[in-house]
Amino acid sequence: MAEPTTVQPASGAAVKPRQPCPCGSGKRYKNCHGAAGGAADVIVVRPFEGLAAECELVALREFVPSATARLPLREGGEVTVATVLPLAAAALRRTDDRAFVGLQVQTHSGDISRDIARAVEWVQNAEAGSSLSVVGPETAQPGVMPTRLQDLLDPEADLEVELHEDFSWWLPEGVDPSSEVALSLERANSAIMPTQRLTGVRSAYWVDAGEKAHLRWVRPEPEEQLLAALARLSVRGELALDEDSRYAGSFRAHGLLVPVWDLDREKHPREWEEPAAALGRRLEEALSSLDDEPLDSAERRARDGLRGRQVTIR
């Protein structure tokens, strides 16, 4: 089959076969979404890249237990993104006609952005009381870019995240308490770790994990740049939030690095807001200094040590 000279992605801009694929995989378009089948197996390492809401989407998908946020759709409409939906559904339209899309769901392609976008499109046309269990296999035509979340959302808009103590928001008023969804609430609620979003900094969450409390902070910077800045603070003795905290390590999530700090569990989450804001200012200063001041030998050793400190959150 002859390859097309140009193709039209959902965003409206033409993509030529030899150009980088707009999905962010790093492959040429003709070897990715321009191939037969839509390259369903291509892994997109940073699926939410280009969105101001990227860090919040990563947090909601990876470790925030119960939260919702209205999606800033380009074309308007009311769709709410949620961490977890009843029975781990990909999307549902409640009996009161409110539309929800889940983030912590099973996916069928290597592009989470594409799967979530398909769920958004499904729920916008779904009937009240219906749900989508999983996003099915991709059916994109060769030479046509499938819709991604970047095509549907306002790229400059962040998410106004609302955290919930439990999953009672699953149920609209008047739902039968003996229904399957209602019965699953107790099991879901028992697994929740108390979580609060810190104000004054973006995408930073206090989490009570039982024996310890943690700060998990999704950062937008490239990994090597962030590690260099963290190393600079470490050498200066400025990496902790205060004397009741310590830097524990970091984990990778959807192309971003998430640093983690162990915290004194006896302190109220709000007591960490000013120390976190101060750390954020120190981190920004360290990041901006990297252009003019390369890491010295002590900072390079610290960076190598930080690189090996990977933590597991579940």
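Refer to the structure above for everything that follows.
Rules behind the numbers
Residues numbered from 1 in each chain as written. Predicted model: local features only at pLDDT ≥ 70, side-chain atom pairs only at ≥ 80, totals over all residues. Heavy atoms only, no water. Helix = DSSP H or I, 4+ residues; strand = E, 2+ residues; numbered from the N terminus. Buried < 20%, exposed > 50% of the residue type's maximum accessible area, 1.4 Å probe, protein only. Contact = heavy atoms within 4.5 Å. Pairing = 2+ DSSP bridges. Axes fitted to C-alpha atoms, helices over the stretch in contact; angles between N-to-C directions. Salt bridge = Lys/Arg side-chain N within 4 Å of Asp/Glu carboxyl O. Arc of directions from axis to C-beta. Polar contact = N/O pair within 3.5 Å; in protein donor to acceptor, adjacent residues only side chain to side chain. Phe/Tyr/Trp six-rings, centres within 6.5 Å; stacked < 30°, edge-to-face > 60°. Parallel < 35°, antiparallel > 145°, perpendicular 65-115°, else oblique. Left-handed = near helix turned anticlockwise from the far one by under 90°. Nonpolar A, V, L, I, M, F, W, Y, C, P; charged D, E, K, R; others polar.

1. Quick look at the overall build of the protein
So, step 1. Summing up its helical and strand segments, the protein has 7 helices and 11 strands in all.
So, step 2. Among the 314 residues that make up the protein, the fraction classed as buried is 51%.
So, step 3. In the protein, of all internal contacts separated by at least 6 residues, the share reaching a separation of at least 24 is 64%.

2. A word on the sheet that holds strand S5 (residues 130-132)
So, step 1. One open sheet holds the 6 strands; their spatial order is S5-S3-S4-S2-S1-S6, and the pairing between them is mixed. In this open sheet, the two strands that pair with only one neighbour each are S5 and strand S6 (162-163).
So, step 2. Bridge count between strand S1 (residues 67-70) and S6: 2 bridges; the pairing is antiparallel. Across the sheet, residue Ala67 finds its bridge partner in S6, namely Leu163.
So, step 3. On the sheet, helix H2 (residues 112-124) packs against strand S3 (91-93), strand S4 (99-102) and S5 and is oriented at approximately 15° with respect to S3.

3. Remarks on the pattern of salt bridges
Oppositely charged side chains are able to pair whenever their charged atoms sit close together.
So, step 1. Counted according to the given criterion, the structure contains 22 salt bridges.
So, step 2. Taking the shortest distance from any N to any O, the salt bridge between Glu273 and Arg270 comes out at 2.4 Å.
So, step 3. Glu273 gets classed as buried once you look at its relative accessible area, which sits at 14%.
So, step 4. Here Asp304 makes a salt bridge to Arg307, at a shortest N to O gap of 3.0 Å. With Asp304 and Arg307 both in helix H7 (residues 297-307) and 3 residues apart, this pair spans about one turn of that helix.
So, step 5. One salt-bridge network, in which partners are shared between bridges, spans Glu224, Arg303, Asp304 and Arg307.

4. Focus: H7
So, step 1. Looking at H7, one finds that the buried residues are Glu299, Ala302 and Leu306. Each buried residue of H7 sits inside an arc of 60° when the element is viewed along its axis, so together they form one side.
So, step 2. The N-terminus of H7 is capped by Asp296, whose side-chain oxygen sits 3.2 Å from the backbone nitrogen of Ala298.

5. A closer look at the packing of aromatic side chains
Two aromatic rings are characterised by how far apart their centres lie and by the angle between their planes.
So, step 1. Using the criterion set out here, one finds 8 aromatic pairs in the structure.
So, step 2. Taking 6.2 Å as the distance between ring centres and 45° as the angle between the ring planes, the aromatic pair formed by Phe167 and Trp169 counts as tilted. Across this residue pair, the class does not change: Phe167 and Trp169 are buried.
So, step 3. In textbook terms, an aromatic cluster arises when at least three aromatic residues are bridged by ring pairs, as seen for Phe100, Phe167, Trp169 and Trp170.

6. Observations regarding the sheet that holds strand S8 (residues 204-208)
So, step 1. Strand order across the open sheet formed by 5 strands is S7-S8-S9-S11-S10, with antiparallel pairing between neighbours. At either end of the open sheet lies a strand with only one pairing partner, and these are strand S7 (195-197) and strand S10 (245-253). Strand-to-strand twist in this sheet, taken as the mean axis angle between neighbours without regard to direction, amounts to 25°.
So, step 2. Sheet topology note: the S7/S8 ladder contains 3 bridges and is antiparallel. Residue pairing across strands places Thr195 opposite Val207, the latter belonging to S8.
So, step 3. Helix-sheet contacts for helix H5 (residues 223-236) involve S10 and strand S11 (256-263), and the interaxial angle to S11 is about 30°.

7. Notes on the packing of H5 against helix H6 (residues 273-289)
So, step 1. It is the contact of H5 with H6, at a shortest axis distance of 9 Å, that shows an interaxial angle of 115°. By the angle between their axes, H5 is roughly perpendicular relative to H6. Relative to H6, H5 is oriented so that their crossing is right-handed. Across the interface between the two elements, Gln225, Leu226, Ala229, Leu230, Arg232, Leu233 and Arg236 of H5 pack against Leu279, Arg282, Leu283, Glu285, Ala286, Leu287 and Ser289 of H6.
So, step 2. Residues that form the contact of H5 with H6 fall into these classes: 8 nonpolar, 2 polar and 4 charged.

8. Structural notes on the pairing of S10
So, step 1. Here S10 lies mainly inside the structure; 7 of its 9 residues are buried.
So, step 2. Bridging between S10 and S11 involves 8 bridges; their strand directions are antiparallel. What sits directly across from Ser250, in S11, is Pro259.
So, step 3. Remark: 2 residues form the turn of the hairpin made by S10 and S11, two consecutive strands paired antiparallel; His254 in that turn has positive phi of roughly 55°.

9. Quick notes on the packing of H5 against H7
So, step 1. Where H5 meets H7, the axes come as close as 8 Å, and the angle between the chain directions of the two elements is 115°. Remark: the crossing between H5 and H7 carries right-handed chirality. For the pair H5 and H7, the contacting residues are Glu224, Leu227, Ala228, Leu230, Ala231, Arg232 and Val235 in the first and Ala298, Glu299, Ala302, Arg303, Leu306 and Arg307 in the second.
So, step 2. Among the residues forming the contact of H5 with H7, the class breakdown is 8 nonpolar, no polar and 5 charged.

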